[in-house]
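Chains, contacts and geometry: an overview
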Amino acid sequence: MEESPFDAFGAGHSGTAISAALGYARARSALGQDYRVVALVGDGSFMNGPSMEAFNDAGHSGEPLVVVLNDNEMSIDRNEGALARYLTRLRARPGYQRAKRRTKSALDSLPLLGRPIKAAIQWSKRKLRRLLVEGEFFEDLGFSYLGPVDGHDLPTLVGALRAAKEMERPVLLHVLTTKGKGFEPAQVRPERYHGVSPNGAPKAFSYAGVVGETLCQLGARDKRLCVITAAMREGTGTERFARRFPERFYDVGIAESHAVTMAAAMAAGGLHPHFVVYSTFLQRGYDQILQDVALQGLPARLLVSHMGLVGEDGATHNGGFTLSYLLQAPGMTVLCPSDGRE
């Protein structure tokens, strides 16, 4: 925020955009000011806990704001879970909004019959929408749903944004995009190009490779060993375990708090869970580490990468706190290997 007037709020970890937008909207109303509030949310981060909490509150608030859902079926890796499948179904029905606009235009062109016909079909609008689009999830939470629209068709996108702007209530604009569009290697392997070096090559994860191979070796000997990731299978090196032991691999999406508690219960149930996670993201599971793992003395293993300063990822992704707070957890054993062999 201190760098540019166009940075309205710092982007740290995913899932904060709707909370920040609602905070600005409520400040605007409380101070009697007049400006528009828009949150841009990726479909991967839209599915995590903070986003859902904020979305529920924003819909209930009635505050005018727009949530643009950038749906490219990716976060860092492919999105997982029921809500991801729900969005996929919506992607398959892009013709609904076009049909609705054409019907409205046709009825408006009828000088005498148009208005009565529109009034007659208004009562069934919600049932028709549920049948044709299944967009009721958002509407039931207090948002008007627009879309899906092609995010690479700029005239259509601008028109949809203008429509959302004029609605004076919570609006969700569902925009379909392709991650890496225009750069073929990124479109073929988008998970490899979430972050790249200056020469355009994908980043290498040497420690992740050691972790992935070791987990496979341990998994071959221990049938109860299972691996959990939070939408980071490529970056954490767990992709190879997922390919070799898919029945013992769990990608929970961007949901670190859930992952920690689930790992604790897996351990209580007799499994040997290993949650592989970046240091900065594990911060979101701090309460669960204390309450669900440490307090209950459950043997859930946390394989934490990217500790310390991480260079190009910046301050929001530095792993400077994990060692300190893990050492505070009762009964927690913390090992810090200095190289791949250790």
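Preceding this paragraph is the structure being described.
These figures come from a predicted structure and were not determined experimentally.

Attention now goes to the side chain of E256. Tracing the chain through its elements places E256 in helix 14 (residues 256-268). No salt bridge is formed by the buried E256, whose closest oppositely charged neighbour, R284, lies at an N-O distance of 4.0 Å.

Here we come to helix 3 (residues 49-61). With 13 residues, helix 3 extends 18 Å between its outermost C-alpha atoms, agreeing within 8% with the 18 Å of an ideal straight helix rising 1.5 Å per residue. Tucked inside the fold, the buried residues of helix 3 contact helix 1 (17-30), helix 2 (43-46), strand 2 (65-71), helix 8 (136-140) and strand 4 (170-176). In the segment just after helix 3, G62 is the residue with positive phi, at about 75 degrees.

On to the sheet that holds strand 6 (residues 249-251). A sheet is described by the order of its strands in space; here four strands give the open sequence 6-5-7-8, paired in parallel fashion. Each having just a single partner strand, strand 6 and strand 8 (301-305) make up the two edges of the open sheet. If you compare each strand with its neighbour and ignore which way they point, the axes differ by 20 degrees on average. Where strand 7 (residues 272-278) meets strand 8, five bridges bridge the pair, whose relative direction is parallel. Paired with H274 across the strands is R301, a residue of strand 8. Of the strands in this sheet, strand 5 (225-229), strand 6 and strand 7 touch helix 14, which is tilted by about 160 degrees from strand 7.

This part takes up the nonpolar core. Counting residues in hydrophobic clusters, the biggest one holds 24 residues, and the most contacted among them are I228, V260, F275, L282, I289 and L302. Contributions of two or more residues to this core are made by strand 5, helix 14, strand 7, helix 15 (279-282), helix 16 (286-294) and helix 17 (322-328). Element by element, the count of residues in this core is highest for helix 14, at six residues. Every residue in contact with I228, bar those within four places of it in the chain, is listed here: Y250, V252, A259, M262, A263, M266, P273, H274, F275 and V276.

Cut-offs used in this document
Residues numbered from 1 in each chain as written. Predicted model: local features only at pLDDT ≥ 70, side-chain atom pairs only at ≥ 80, totals over all residues. Heavy atoms only, no water. Helix = DSSP H or I, 4+ residues; strand = E, 2+ residues; numbered from the N terminus. Buried < 20%, exposed > 50% of the residue type's maximum accessible area, 1.4 Å probe, protein only. Lys, Arg positive; Asp, Glu negative; His and termini not counted. Salt bridge = Lys/Arg side-chain N within 4 Å of Asp/Glu carboxyl O. Expected span 1.5 Å × (residues − 1). Contact = heavy atoms within 4.5 Å. Pairing = 2+ DSSP bridges. Axes fitted to C-alpha atoms, helices over the stretch in contact; angles between N-to-C directions. Core = buried A, V, L, I, M, F, W, Y, C linked by side-chain atoms within 4.5 Å.

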